[in-house]
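Inside the fold
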Amino acid sequence: MNTIKATNYEVFFGENSYDYLKKTLVKTAYSKIFILVDENTSNHCLPNFLANLATEVEIEIIEIEAGEENKNINTCLHIWEALSELSADRKSILINLGGGVVSDIGGFIACTFKRGMDFINVPTSLLAMVDASIGGKNGVDLGALKNQIGIIKEPKAVVINTSFLETLPQLEMRSGLAEMLKHGLIFNKTYWNKFKNLSNLKSDDLDGLIYESIQIKNEIVCQDLTENGLRKSLNFGHTLGHAIESYCLENDAKTTLLHGEAIAVGMILESYISMEKNLISKEEYFEIKYILKDIYETVSFNKNDINKIIELLIYDKKNEFGKIQFALLDGIGNIKIDEKADNTLIYKAFEDYATA
Ligand code: NAD
């Protein structure tokens, strides 16, 4: 599979990706290479990565604790201090070896340390391969509020090696699948149709599906890097999904949801809203609901939960002039941005979500 050309960088894919990485590292004279990992990618991915990273440049490793609850400014402080103590300068490069938490936080660190150093994303989770590592959005959460602090700056390169997925827990694979399903729903009906019967998919199909998903995300980002129009389509399922993720993260009585699990709920709810606005048919809605519910267990929400989730919508990054904006489906494979939905409709969506 060929390298995918992004706006200002390339996504290297497959067996030769380490060769491309070496070439990228040689092109610029870097003073030091810093590799950011979390405790899991340090165990499962770093040894193999280092064995393949033949370089004369000095390497330093910085490790953070795994998990969304660590995607915050305190972890940034720890990394900034480590970089400073280890004499990083603006000619150093940061390689983010991990899932979306590592690439989001690492990208932000690279953009801010000494006003900016280069960074490369080497995603190790499915979600980071098909989504988080691509497109230049970097940042951290503010308390439980998702991605409130951040910056858009593209990496120097993205290196995709799907063999990292061999150690990724099954639940995390499922979480990443949600963003792949989203790519089909918002942009390419043929791609969505490939997931209609998951049991027919073979593990050999996975690389091709990941590659296509990256192509879809990249095509959208290339047309609208700073999210003035088309890129908002990637937020389908995320307006309610992020609020649900934040609510479960800060509420001890709720089981914390993985990003993709929360987005799957958000996609069902926002598909319902799309149907109620006559943007998709009943059949299309039921198809989406059936497929997603078959993969992701139904989460239960009581009235109080729903009220609190709706309150959280005011923090959504897409809001303009205090108005909550949705990206809704306009038929499968198309999206309508800047749509509104009143609270009554959101309650109805939750009610229908609870039914089989
Ligand atoms: P994550 O980074 O927390 O990774 C999930 C878990 O898998 C972690 O415990 C991690 O240590 C572990 N892991 C990763 N790779 C592994 C491997 N190969 N083997 C064993 N364990 C491994 O979460 P994620 O699902 O990768 O990413 C979610 C994050 O991405 C969220 O913070 C979300 O907001 C963000 N995101 C960002 C964008 C963007 O455009 N920047 C897009 C989508 C999601």
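This write-up is about the structure you can find in this document. (Residues numbered from 1 in each chain as written. Predicted model: local features only at pLDDT ≥ 70, side-chain atom pairs only at ≥ 80, totals over all residues. Heavy atoms only, no water.)

1. Comments concerning the sheet that holds strand E3 (residues 33-38)
Judged by pairing direction, the sheet is mixed, and its seven strands sit side by side in the order E1-E2-E9-E6-E5-E3-E4 without closing on themselves. Each edge of the sheet is formed by a strand with only one pairing partner; in this case those strands are strand E1 (4-5) and strand E4 (59-64). As paired elements, strand E5 (residues 93-98) and strand E6 (residues 118-123) share six bridges and run parallel to each other. Bridged to Ile95 within E6 is Ile120. (Pairing = 2+ DSSP bridges. Helix = DSSP H or I, 4+ residues; strand = E, 2+ residues; numbered from the N terminus.)

2. Digging into the packing of aromatic side chains
Inspection of the entire model under this criterion finds nine aromatic pairs. Ring centres of Tyr272 and Tyr285 lie 5.5 Å apart, and the angle between their planes is 75°; on these two criteria the pair is classed as edge-to-face. Of this pair, Tyr272 sits in helix H11 (residues 259-276) while Tyr285 sits in helix H12 (residues 282-295); the two residues are 13 residues apart in sequence, bridging distant segments of the chain. The exposure class assigned to Tyr285 is buried, which follows from its relative accessible area of 0%. Aromatic pair Phe301 and Tyr353: ring centres 6.2 Å apart, planes at 50°, arrangement tilted. Taken together, the residues span a long stretch of sequence, with Phe301 in the loop between H12 and helix H13 (303-312) and Tyr353 in helix H14 (residues 343-354) at a distance of 52 residues. Look at Phe301 and you get buried, because its relative accessible area is 16%. Feature note: the residues Tyr272, Tyr285 and Phe286 constitute an aromatic cluster, connected by ring pairs. (Phe/Tyr/Trp six-rings, centres within 6.5 Å; stacked < 30°, edge-to-face > 60°. Buried < 20%, exposed > 50% of the residue type's maximum accessible area, 1.4 Å probe, protein only.)

3. Re the pairing of strand E9 (residues 157-160)
Burial along E9 is two-sided: Ala157 and Val159 facing one way and Val158 and Ile160 facing the other are all buried. As paired strands, strand E2 (residues 10-13) and E9 are joined by four bridges and run parallel to one another. By the bridge assignment for E9, Phe13 is matched with Ile160. Sheet topology note: the E6/E9 ladder contains two bridges and is parallel. What sits directly across from Ile120, in E9, is Ala157.

4. Considering the layout of surface pockets
Size it by volume and the second largest pocket reaches roughly 390 Å³. The wall of the second largest pocket is formed by 15 residues, among which Gln170, Met173, Leu177, Leu198 and Leu206 lie closest to the centre. Within the residue set of the lining of the second largest pocket, elements represented by two or more residues are helix H7 (170-187) and helix H9 (206-223). A class-by-class count of the residues in the lining of the second largest pocket yields 10 nonpolar, two polar and three charged. (1 Å grid on protein atoms, 1.4 Å probe; cavity = no way out; pocket = protein on both sides within 12 Å on 5 of 7 lines; lining within 4 Å. Points joined across faces, edges and corners; volume = space filled by probe spheres on them. Nonpolar A, V, L, I, M, F, W, Y, C, P; charged D, E, K, R; others polar.)

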